[in-house]
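Letter by letter, the chains look like this.
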Amino acid sequence: MFKSFFPRPKIFFLSAVIWTLVCALVWYTYGTEIGTVLGFEFPPPDTPPVIGIHYFWTQSFLWFYVYYVVAVGLFAAFWYRFSPHPWFLWSVLGSAVILFSTYFSVQVSVALNNWRRPFFDSVQSALEGEGTVTAGQLYSLILIFAYIALMAILVFVATRFLVSHYIFRWRTAMNNYYMDRWKEVRHIEGASQRVQEDTMRFAGIMEGLGVNMVDSVMTLFAFLPVLWSLSSYVTELPIIGVIPSPLFTAALFWSLFGTVLLSVVGIKLPGLEFKNQRVEAAYRKELVYGEDDEARAQPPTVQELFHNVRKNYFRLYFHYMYFNIARSLYINADNIFAYLILIPTIVAGKVTLGLIQQILTAFSQVSNSLQYLVNSWTTIVELLSIYKRLRAFEAAIRNQPLPDIDADYLARIDSSSDPLSSVVEAERP
């Protein structure tokens, strides 16, 4: 799954994580000093944020663009020499471009969050009848929003287009890799389905799941400093009282609580999804045999196979029922959690409408990013089930023992003189 597209995956991903942490550490500790030496000018720390589309070509952003290109160039050059790969341009440079476009999209959200405070403060002043806000000022702020929103649309469309091509190249690499080794994997149950359907589903899930994961990480990088600074406006939390950085602490606690809760409640789902694919494959395979051989797909065999399908689906429905109850309760509670922790601050009158909007948006961005597993758990379950099926291919290619469920299947096929009964037994829950 990964070796076909990335050079030496285990070392590659480990080096990517280490290099990213090193670059981030240098950026956040010495980035400003290095940029100043190179001629970039930076505003004082207490300078208000830039409002508008020119936020993206300030000196700070221009320096970041240069820094990112240099960091990616050094990493790519190392891997190009260390372990050349036929998919290098897409897997290494393509990944870097997607990371940058995703980070840029997150910065668009930051720009919109910067815009919220002056706009809603102006709305509050106008509603109070002070007469200091004109219609022209509000129209001007709306126009600024339109510029930022247009950029957000363009970046989103370009990113999705690039990701779609990137993922299909990944699927192509997997398809070519498995077909080059077809002799080693053709004996695996449902081999044709695994090459065609499972690689397609793997690619499709990675398109959404992978982008969301990258977006969550980039959002944390962008909004954690914002949430940390906004915590200075919140004096205390309900029940708990005064604590350091209350917004940041509350977001972290609430997200970890939801992640642990749903991980425990949904622990049985990956295995059941994998079993579901097995029984469906056995039923479909017998029907395909019946198209060419009238002795196959007879009522007793088909009824037994479909009984297995029915039994597994009903078991899956039951486990999803209580999982969805827990997930729905948490998501609905999450909609009001930020308002709940702001009640003491709102009652004390220490924040304006614009500041509340900024806090709610920043809290929501950080909370949703930390809740990545909560929001993606059902998709992760499906991905894990596909991964388990493709592991059999990987084991056969490397001449390693097959996973237990596939080994049991082949053992029953080999030991049985009746191919129909062996298929039924292999798929019996």
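Basis of the calculations
- Residues numbered from 1 in each chain as written.
- Predicted model: local features only at pLDDT ≥ 70, side-chain atom pairs only at ≥ 80, totals over all residues.
- Heavy atoms only, no water.
- Axes fitted to C-alpha atoms, helices over the stretch in contact; angles between N-to-C directions.
- Helix = DSSP H or I, 4+ residues; strand = E, 2+ residues; numbered from the N terminus.
- Parallel < 35°, antiparallel > 145°, perpendicular 65-115°, else oblique.
- Left-handed = near helix turned anticlockwise from the far one by under 90°.
- Nonpolar A, V, L, I, M, F, W, Y, C, P; charged D, E, K, R; others polar.
- pLDDT = per-residue confidence, 0-100.
- UniProt positions renumbered as here; feature names shortened; annotations may be inferred.
- Phe/Tyr/Trp six-rings, centres within 6.5 Å; stacked < 30°, edge-to-face > 60°.
- Buried < 20%, exposed > 50% of the residue type's maximum accessible area, 1.4 Å probe, protein only.

## What to know about the packing of helix α8 (residues 269-292) against helix α9 (residues 299-347)
Think of two packed helices as two axes; the pair is described by the angle between the axes and how far apart they sit. As a packed pair, α8 and α9 sit with axes 9 Å apart at the nearest point and diverge in direction by 160°. Comparing their axes, α9 and α8 come out roughly antiparallel. In the crossing of α8 with α9, the sense of the turn from one axis to the other is left-handed. A breakdown of the residues in the contact of α8 with α9 according to their chemical character gives 14 nonpolar, five polar and five charged.

## Examining the confidence of the model for the chain
Scored by pLDDT, the chain comes out at a mean of 80, with 90% of its residues at no less than 70. Across the chain, the element-wise mean pLDDT spans from 39 in helix α13 (residues 419-426) up to 93 in helix α2 (residues 59-82).

## Considering the UniProt feature "transmembrane region" (unreviewed entry) in the chain
According to UniProt, the positions carrying the feature "transmembrane region" (unreviewed entry) are residues 12-30, 62-80, 87-106, 138-163, 209-228, 248-269 and 336-356. Structurally, residues 12-30 is divided into 100% helix and 0% strand, and its ends, taken at the C-alpha atoms, are 26 Å apart. Secondary structure within residues 248-269 divides into 86% helix and 0% strand; the distance between the first and last C-alpha atoms comes to 32 Å.

## What about the packing of aromatic side chains?
In total, this model carries 47 aromatic pairs according to the counting rule given. Between the aromatic rings of Y320 and F323, the centroid separation amounts to 6.2 Å while the plane-to-plane angle is 80°, which identifies the pairing as edge-to-face. Residue Y320 and its partner F323 are both found in helix α9; the two are separated by three residues, about one turn of the helix. Here Y320 and F323 have matching classes, each one buried.

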